[in-house]
Amino acid sequence: MKDFFTKKKKYATVPSAKARQDVPEGIVRKCPKCKKIMYVKELKKNLFVCQSCGYHYPIGARDRAEMLFDQGSYVEFDKDMVSLNPLQFPNYMNKLESDRKKTNLNEAVWTGKGLIEGFDCAVAIMDKGFRMGSMGSVVGEKITRMIEYANKNGIPVLIFSASGGARMQEGVLSLMQMAKTSAALKEFSENGGLYISIMTHPTTGGVSASFASLGDYNFAEPGALIGFAGRRIIEQTIGEELPEDFQTAEFLLNHGQLDQVVSRSELRTVLGRVLSIHAEGGAAGWDQN
Amino acid sequence: MGPELDFEKPILELKGKISELKQFMDEKGIDLSDELNSLQERLAALEKETYGSMTPWERVRVARKLNRPTTLDYIPLLFTDFVECHGDRLYGDDPAIVGGIAKFHGHPVTVIGEQRGRDTKENIKRNFGSPHPEGYRKALRLMKQADKFHRPIITFIDTKGAFPGKAAEERGQSEAIARNLYEMSWLSVPVICVVIGEGASGGALAIGVGNQILMLENSWYSVISPEGAAALLWKDAGKAEEAAKTMKITGSDLKKLGIIDKLIPEVLGGAHHDPKKQADLIDHALIESLTELSQLSADQVREQRLAKYRAIGNYDTVQENLTNHSIFSYSSDRQ
Ligand SMILES: [Zn+2]
């Protein structure tokens, strides 16, 4: 066993059945798609993408921020904003408290700004570990403030969606966050602002039907589930089985809903290109050539 | 769904007794008007008591009555010169959303509404009032046209939600809803939205970003249907009655939460008892709202709408010690 842990390998391979039993939780992960087992440390180095089949593991907002920005270039906004309980919904506050501990976030979205390939950007990153990334008042407010910051400072907006939709426990207030965030994006857009949407697994319901679908560029991670209505509800309604790839990023690409499906390893490169093209400011410069 | 609901049964029984008594008087030629009067007084009191203290769930059930007036019932009662406009110019025409131009007390307006069927056959044709992307895109086309010609927009919300189907997803249900929220927020003409029946989720909001939101007394508006909420939150769709209360979905709840601007009273027992009288009550509210909004310039109309949605939310700030340590503990739940 000692050997097993100290052995240096470029990528993890499958430990023996015996070793697997002995390995503590959190040190290795079994790929849900190809079943290959990898060290978490190695996975992290590979941006939490399975080395063998390319499966993109869902990741938390803080890990995403760490891999997205140029090293050490980012700051967080509105770190301390928390939800109240406007409907006095039973048990809601307890659930929020336990998700806070689980995710080390105060709510289902991280917002901030930083450099991406040298370009200043305002960014929101949703975290599906917190109430399934659902959008209530705080998520709506933090995203709106981030957009307003970008609007004021003339920098692009990026939003990484990962959400099951609107948060049930805040009822109609959650629903209205769809309008609030969309309106903020519209105002930003009217001022010429650039918004890049990156849909990650899962982007569904009220988040899919608001800011996630409104990018000047809509990208998605491979295999991400993206859609409005739930698969089971659709199957019940139409009484037929849906294709295996229904509501995947690839399915959406085929139906004209996305610009590109971009793997995690290529994302910074693609974003850098888009940001640099926009930094040139359209047709400006041609007249001087 | 029968016309009378269980909580209305005592009223129905008393009405039966009254007509029996009338028949008896006619047949026998006996004058029992004292008894008749007292029964009629009892009926009036019972109706007032029953309909005056309806629970949220009872209101939901009234909102769903098949004979409750729909968008197409109200249009001829409220407007003149209605010209229906079909199609999104991209894919097709969605019968679950109707729209067009008309005159309201002589002034041009654009009218858009979700449209369920008034019987089973029409319900099937209209997908039970659940729109596809082409419905939302038709609505947006008509709203942009209204913006161009500077006429106010009146929308009627009445849907169980956007249609959950394969074709709807393929054609971009999410994008169609999102686009409407985005574009409606920026319109420079007054937008008044009236929830006349059911208002479920993004499917309702997609024609609901207005300067003023009005609701009929027996309508409901929420992030999800009571059944959906019960199934999701308590894994028991049977708890819909409880969910209707907990989720705060009625007009008076939403007025208290500051989400809607006006609660439109209903005729006793619900709009279906007297659609014409109900239309008058809506008419009154619309005139009032349009008069208020006509005081604003085009820029102010947009600013008022933007400010209205910007202010919605309930949150606080705390000081907590969060670190930047890596969290990678989610179960991978698919693929
Ligand atoms: Zn794999």
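Residues numbered from 1 in each chain as written. Chains lettered and ligands numbered in written order. Predicted model: local features only at pLDDT ≥ 70, side-chain atom pairs only at ≥ 80, totals over all residues. Heavy atoms only, no water.

As named in an unreviewed UniProt entry, chain B is Acetyl-coenzyme A carboxylase carboxyl transferase subunit alpha, taken from Sporolactobacillus laevolacticus DSM 442. As stated in UniProt under Catalytic activity (unreviewed entry), the record for chain B gives "N(6)-carboxybiotinyl-L-lysyl-[protein] + acetyl-CoA = N(6)-biotinyl-L-lysyl-[protein] + malonyl-CoA". The UniProt entry for chain B carries the following comment under Subunit (unreviewed entry): "Acetyl-CoA carboxylase is a heterohexamer composed of biotin carboxyl carrier protein (AccB), biotin carboxylase (AccC) and two subunits each of ACCase subunit alpha (AccA) and ACCase subunit beta (AccD)." (UniProt positions renumbered as here; feature names shortened; annotations may be inferred.)

Bringing the overall build of chain B into the picture now. Counting secondary structure elements, chain B contains 14 helices and nine strands. In chain B, 70% of the contacts between residues at least 6 apart in sequence involve partners at least 24 apart. In the form shown here, chain B has an accessible surface area of approximately 14700 Å², with 52% of it arising from carbon and sulfur atoms. Positive and negative side-chain charges of chain B, numbering 43 and 49 respectively, have mean locations separated by a distance of 5 Å. (Helix = DSSP H or I, 4+ residues; strand = E, 2+ residues; numbered from the N terminus. Contact = heavy atoms within 4.5 Å. Areas by Shrake-Rupley, 256 points an atom, 1.4 Å probe, with all protein chains shown as cover. Lys, Arg positive; Asp, Glu negative; His and termini not counted. Charge placed at Lys NZ, Arg CZ, Asp CG, Glu CD.)

The next subject is the packing of helix α6 (residues 137-153) of chain A against helix α7 (residues 171-190) of chain A. Residues and elements named next belong to chain A. Put simply, α6 and α7 touch, their axes get as near as 9 Å, and they point 5 degrees apart. Between α6 and α7, the angle is such that the two are roughly parallel. Taken together, the residues of α7 that come into contact with α6 (itself represented by S137, G140, E141, I143, T144, I147, A150 and N151) are L173, Q177, K180, T181, A184, L185, E187 and F188. (Axes fitted to C-alpha atoms, helices over the stretch in contact; angles between N-to-C directions. Parallel < 35°, antiparallel > 145°, perpendicular 65-115°, else oblique.)

Turning our attention to the UniProt feature "domain: CoA carboxyltransferase C-terminal" (unreviewed entry) in chain B. UniProt's feature table lists "domain: CoA carboxyltransferase C-terminal" (unreviewed entry) at residues 38-292 of chain B, given in the numbering used throughout. The span residues 38-292 of chain B shows a helical share of 45% and a strand share of 19%, and its end C-alpha atoms are spaced 46 Å apart.

This part is about the domain arrangement of chain B. Residue and element names in this part refer to chain B. As assigned here, chain B comprises domain 1 (6-26 + 33-53) and domain 2 (61-311). If you average the C-alpha positions of domain 1 and of domain 2, the two centres end up 36 Å apart. In this assembly, five residues from domain 1 lie in contact with six residues from domain 2. Of the roughly 480 Å² buried between domain 1 and domain 2 on both sides combined, carbon and sulfur atoms contribute 57%. (Domains from an automatic or database assignment. Buried area = accessible area lost by both parts, 1.4 Å probe.)

Turning to the interface of chain A and chain B, a few remarks are in order. In this assembly, 85 residues from chain A lie in contact with 63 residues from chain B. In total, chain A and chain B occlude about 6700 Å² of area from one another, counting both sides; carbon and sulfur atoms represent 64% of this. The tally of links from chain A across to chain B stands at three salt bridges. For R310 of chain B, the salt bridge goes to E141 of chain A, with nearest N and O atoms at 2.9 Å. Mapped onto the side of chain A that touches chain B, the elements with two or more residues apiece are α3 (40-45), α4 (61-68), β4 (81-83), α5 (92-103), α6, α7 and α9 (231-238) of chain A. Among the elements that line the side of chain A that touches chain B, the one with the most residues is α7 of chain A, at 17 residues. Its residues placed into classes, the side of chain A that touches chain B shows 40 nonpolar, 26 polar and 19 charged. Pairing geometry for β4 of chain A and strand β9 (residues 315-317) of chain B, over three bridges, is antiparallel. Residue S83 of chain A lies in a different strand from β9 of chain B, and its bridge partner there is Y315 of chain B. (Salt bridge = Lys/Arg side-chain N within 4 Å of Asp/Glu carboxyl O. Nonpolar A, V, L, I, M, F, W, Y, C, P; charged D, E, K, R; others polar. Pairing = 2+ DSSP bridges.)

Residue and element names in this part refer to chain A. In a regular helix each residue adds 1.5 Å, so 12 residues correspond to 16 Å; α5 covers 16 Å between its end C-alpha atoms and thus fits that length. Among all positions in α5, only Y92, L96, D99, R100 and T103 are buried. For α5, the angular spread of buried residues about the axis comes to 110 degrees, placing them on one side. For α5, the exposed residues lying more than 90 degrees away from the buried face are N94 and K101. Buried positions along α5 lie against β4. Once α5 ends, the next one or two residues include N104, with phi positive near 60 degrees. (Expected span 1.5 Å × (residues − 1). Buried < 20%, exposed > 50% of the residue type's maximum accessible area, 1.4 Å probe, protein only. Arc of directions from axis to C-beta.)

All names here are of chain A. Here L252 shows up in helix α10 (residues 249-254). A relative accessible area of 12% means that L252 is categorised as buried. Apart from residues no more than four positions distant in its own chain, L252 is found in contact with I226, Q247, Q257 and L258.

Residues and elements named next belong to chain A. Within the first shell, the zinc ion binds the protein through C31 (SG), C34 (SG), C50 (SG) and C53 (SG), at distances of 2.2 to 2.4 Å. Seen from the zinc ion, its four donor atoms lie at angles of 104 to 112 degrees, and the figure they make is tetrahedral. Mapped onto the sequence, the donors of the zinc ion take the spacing C-x2-C-x15-C-x2-C. Within this pair, whereas C34 is found in the loop between β1 (28-30) and β2 (37-39), its partner C53 is found in the loop between α3 and α4, the two being separated by 19 residues in sequence. (Donors = N, O, S within 2.8 Å, 3.2 Å for Na, K, Ca; no water. Tetrahedral: all angles 85-135°; square planar, octahedral: opposite > 155°, others 65-115°.)

Our next topic: the packing of aromatic side chains. By the definition in use, this model includes 10 aromatic pairs over all chains. Centre to centre, the rings of F77 of chain A and Y149 of chain A are 4.8 Å apart; their planes meet at 55 degrees, and the pair counts as tilted. Taken as a pair, F77 of chain A in strand β3 (residues 75-77) and Y149 of chain A in helix α6 lie far apart in primary sequence, 72 residues in all. A residue is classified by how much of its surface remains accessible, and Y149 of chain A, at 27% relative accessible area, is partly exposed. Members of the aromatic cluster, joined through ring pairs, are Y74, F79, F104 and F156 of chain B. Positioned over the ring face of Y91 of chain B is R171 of chain B, at 3.8 Å from the centre of the ring. (Phe/Tyr/Trp six-rings, centres within 6.5 Å; stacked < 30°, edge-to-face > 60°. Lys NZ or Arg CZ within 6 Å of the ring centre and 35° of its normal.)

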